Amino acid sequence: MNSRRQLLALLADGEWHSGEQLAKTLGVSRAAVWKQLDQLKVQCGLQIHSVRGRGYRLPHPFEPLDQGRINNYLSALSARSVPYIEILDSVASTNSYLMEKPPAQLTSGHVCIAERQTGGRGRRGRSWISPFGSSIYFSMFMRFSLAPAELSGVSLVAGLAVVRTLEQNGIAGVGLKWPNDILCDGRKLAGLLLEVSGEQSGPSNVVIGVGINVHLPTEQAEMIDQPWIDLKQIAGGEPLSRNQIVAGLVSNLQEVMTAFEKEGLAPLRQSWRSYDVYDGKAIQLLLGDRTIQGIHRGIDETGALLVETEDGIKAYHGGEVSLRLA
Ligand code: BTN
């Protein structure tokens, strides 16, 4: 563990710690502690309260992302092999980080998670607000023997894995909004960004990016341009472990992706529909400057949205598409 992580681990309880005590525990000078605290504030954007005579504390208790804890939760969840998990303090975007690596250097299932993203990316060119330690910023690299064109359902089954993970962690009332949003109480709780590359005939490389709001600080949350919610609001005072949720994501993604690779979306389609919050409702679909009005009639076996219009039922694929209630 590097010294910055060690310092963070000491502060994680949200209690006051004097500079002297921190220096003694870490075996460094008080000046070195002060420098590390300053770096946590300036480089990581972390809020650290300081009061003369009391010392330093975080605004609330904080569970750092931790390989050992994730592995423990993972081994309790599944007997599958534990994937390679990279934990970064700060990165532009966990998706970009994996996309920029030569695919030959990655094994299928390689995961990257970060405490903070400085250039978190959402769908349709949006940014994803990613303050330090406040959410889950997760990306998994997967290699499929299928051609990129056959992978349109992957983003939907990935959403199913997120919903299952949240439910297994006691989060009720979570639903899916085609193609990639996870909602609770009509507000956005999580989103997925899938990026696919590869030869036209396969194999394909996919980076599955998942962002889940856990405990967003108000100032940053104000920058979100749509109704949002975080796990803290849903779970009330119940403590939530980001490490446990990350382990759940890994395990559920492995499970749904294995099923998808064998049989496509078909076996998971009913389960997806059962979480679809707009199914059967009057909707508007925005496709560039075109607006389609109709009734949401579920999804087909490729993951396309079925919309009943005056001309019958038509299928629409994801990408630069936005769905809303009419
Ligand atoms: C969306 O709903 O617009 C998709 C949001 C996806 C955000 C996640 S956070 C981890 C990964 N890295 C990114 O830059 N984006 C995804």
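None of the values given here were measured: they were computed from a predicted structure.

A.B. asks: How do you make sense of the site of the ligand when you look at a structure like this?
C.D. replies: Around the ligand sit 20 residues, and of these S93, Q117, R121, R123 and K188 come closest. Contacts to the ligand include Q117, whose side-chain N or O atom sits 2.9 Å from a nitrogen atom. R123 is positioned such that a nitrogen or oxygen atom in its backbone is 2.7 Å from an oxygen atom of the ligand. Alone, the ligand offers 420 Å² of accessible surface; in the complex the protein occludes 98% of this. According to the grid-proximity analysis, the pocket containing the ligand is the largest pocket. For the shell around the ligand, the secondary structure elements donating two or more residues are α5 (94-99), β5 (135-144), β8 (187-198) and β9 (204-213).

A.B. asks: Would you explain the domain arrangement of the protein chain in this entry?
C.D. replies: When its domains are assigned, the protein chain resolves into domain 1 (3-57), domain 2 (67-274) and domain 3 (278-325). Each of domain 2 and domain 3 has a C-alpha centre, and these two points are 24 Å apart. Listed as interface residues are 11 residues of domain 2 and, on the opposing side, 20 residues of domain 3. Across the domain 2 to domain 3 interface the summed buried area is about 1,400 Å²; carbon plus sulfur atoms make up 55%. For domain 2, the biggest contributors to the area lost against domain 3 are R124, W178 and R273; these three give 49% of the whole.

A.B. asks: For this particular structure, what's the right way to read the layout of surface pockets?
C.D. replies: To locate leftover empty space, one rolls a probe as large as a water molecule over the atoms. Empty space within the largest pocket amounts to approximately 840 Å³. Residue lining of the largest pocket: 44 residues in total, with R126, W128, D181, K188 and Q226 positioned closest to the centre. A total of 5 residues in the lining of the largest pocket trace back to one element, the largest contributor, which is strand β14 (residues 321-325). In the lining of the largest pocket, the residues fall into 20 nonpolar, 15 polar and 9 charged. Two domains each provide a minimum of three residues to the lining of the largest pocket, namely domain 2 (67-274) and domain 3 (278-325). S155, N180, L194, G318 and G319 are the residues nearest the centre of the second largest pocket, which is lined by 21 residues in total. Counting residues per element, the ones that place at least two in the lining of the second largest pocket are α6 (154-168) and β8. When residues in the lining of the second largest pocket are grouped by element, the largest group, 4 residues, is from β8. Tallied by class, the residues present in the lining of the second largest pocket amount to 9 nonpolar, 9 polar and 3 charged. Counting contributing residues per domain, the lining of the second largest pocket is built from domain 2 (67-274) and domain 3 (278-325), each supplying no fewer than three.

A.B. asks: Would you mind going over helix α1 (residues 3-11) with me for this structure?
C.D. replies: Spacing of three or four residues puts side chains on the same side of an α-helix, whose turn is 3.6 residues. Among the residues of α1, R4, R5, L7, L8 and L11 are the ones counted as buried. Buried residues in α1, looked at end-on, bunch into an arc of 160°, giving them a common side.

A.B. asks: What's the story with the packing of α6 against helix α10 (residues 266-275) in this structure? I'm lost.
C.D. replies: Angle between the axes and distance between the axes: these two values describe a pair of packed helices. Between α6 and α10, whose axes approach to 10 Å, the crossing angle comes to 60°. Between α6 and α10, the angle is such that the two are oblique. The handedness of the crossing between α6 and α10 is left-handed. Counting all contacts with α6, which are made through L156, V157, L160, V163, R164 and E167, the residues of α10 involved are L268, S271, W272 and Y275. The residue makeup of the contact of α6 with α10, split by class, is 7 nonpolar, 1 polar and 2 charged.

Rules of the game
- Residues numbered from 1 in each chain as written.
- Predicted model: local features only at pLDDT ≥ 70, side-chain atom pairs only at ≥ 80, totals over all residues.
- Heavy atoms only, no water.
- Near = heavy atom within 4 Å.
- Polar contact = N/O pair within 3.5 Å; in protein donor to acceptor, adjacent residues only side chain to side chain.
- Areas by Shrake-Rupley, 256 points an atom, 1.4 Å probe, with all protein chains shown as cover.
- 1 Å grid on protein atoms, 1.4 Å probe; cavity = no way out; pocket = protein on both sides within 12 Å on 5 of 7 lines; lining within 4 Å.
- Sits in = over half its atoms within 2 Å of the grid points.
- Helix = DSSP H or I, 4+ residues; strand = E, 2+ residues; numbered from the N terminus.
- Domains from an automatic or database assignment.
- Contact = heavy atoms within 4.5 Å.
- Buried area = accessible area lost by both parts, 1.4 Å probe.
- Points joined across faces, edges and corners; volume = space filled by probe spheres on them.
- Nonpolar A, V, L, I, M, F, W, Y, C, P; charged D, E, K, R; others polar.
- Buried < 20%, exposed > 50% of the residue type's maximum accessible area, 1.4 Å probe, protein only.
- Arc of directions from axis to C-beta.
- Axes fitted to C-alpha atoms, helices over the stretch in contact; angles between N-to-C directions.
- Parallel < 35°, antiparallel > 145°, perpendicular 65-115°, else oblique.
- Left-handed = near helix turned anticlockwise from the far one by under 90°.

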